[in-house]
Amino acid sequence: MARNCPEKGLLALLDSLIEERHLLKHPFYRAWTEGRLSKETLQVYAEQYYQHVRAFPENLRQLAARANGHLAGLVEENLAEELDPVAPHPMLWRQFAQSLGVSEAALNHARPLPGIAALLDTYDEVASQGTMAQAVACFYAYEAQVPEISAQKISGLRRFYDVTEARALAYFSVHQEADVRHRAAWRKWLGSQNDAGTFGVLCAAERSLKALWGALDAVYPQACAANN
């Protein structure tokens, strides 16, 4: 973990952690952007990662139930976007999965692989039991990366996997824009806090980053094999 250096504030330390474990450095996303993933691997990813997409609004709801003041408003705004009645984000993900040939039954009944289960447990625990700053740091660590990841996913899907329809790409298109706002909101709130509890906040963020990385390891075991 990035050391709690006196000359660095919380945001700088968080950003250092995110840079160290940025998901675009993961072999799975590198293979995606280079067109080296099989359709079967993408299908497994769509089935498995859907469980995080489906759980994320509930994670926000867990934090909203405990937050107050300005933070409560930020969380509720984020949650409202996730559950947009016209295009709820889990539905957009299902459209992406369907474009790969994943069935409704597969999405509904897939059992989480260990790395996915660990990701679900991490966000559930921190959102429901962590301090406000720890929970926000976890959401920030995730959403800070999403706009750039979404852009790379769209490019790769269009270029290598013949996924070009707007409805199939809508999940990523929405997050390419929305999470620019979300990360800015989380970042501003974190910047308004004093540095008390910095170590705990950094530990929570690092735990979430490791869980996100581990979820990709689960759907792309070649990454683990390459590191052994």
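Anything mentioned here points back to the structure above.
Quick caveat, the model's predicted, so the values are computed rather than measured.

Conventions adopted
Residues numbered from 1 in each chain as written. Predicted model: local features only at pLDDT ≥ 70, side-chain atom pairs only at ≥ 80, totals over all residues. Heavy atoms only, no water. Salt bridge = Lys/Arg side-chain N within 4 Å of Asp/Glu carboxyl O. Helix = DSSP H or I, 4+ residues; strand = E, 2+ residues; numbered from the N terminus. Buried < 20%, exposed > 50% of the residue type's maximum accessible area, 1.4 Å probe, protein only.

Asks: Help me out: how do you make sense of the pattern of salt bridges in this one?
Replies: It is possible for side chains bearing opposite charge to pair when their charged atoms get close. Here the structure, examined in full by the defined rule, presents nine salt bridges. A salt bridge links Asp15 to Arg187, with the nearest nitrogen and oxygen atoms 2.7 Å apart. Taken together, the positions of Asp15 in helix α1 (residues 10-20) and Arg187 in helix α10 (residues 166-191) put the pair 172 residues apart, joining distant regions of the chain. What makes Asp15 partly exposed here is its relative accessible area of 28%. The salt bridge involving Lys25 is made with Glu19; its shortest N-O contact spans 3.2 Å. By relative accessible area, which is 46% here, Glu19 ends up partly exposed. Taken together, the shared-partner salt bridges connect Glu81, Glu177 and Arg181 into one network.

Asks: Hey, could you run me through unusual backbone geometry in this one?
Replies: Among all residues save glycine, negative phi is the norm, and among peptide bonds the norm is trans. Within the chain, Asp162 stands out as a residue other than glycine whose phi angle is a positive 55 degrees. Residue Asp162 is classed as exposed on the basis of its relative accessible area, which comes to 69%.

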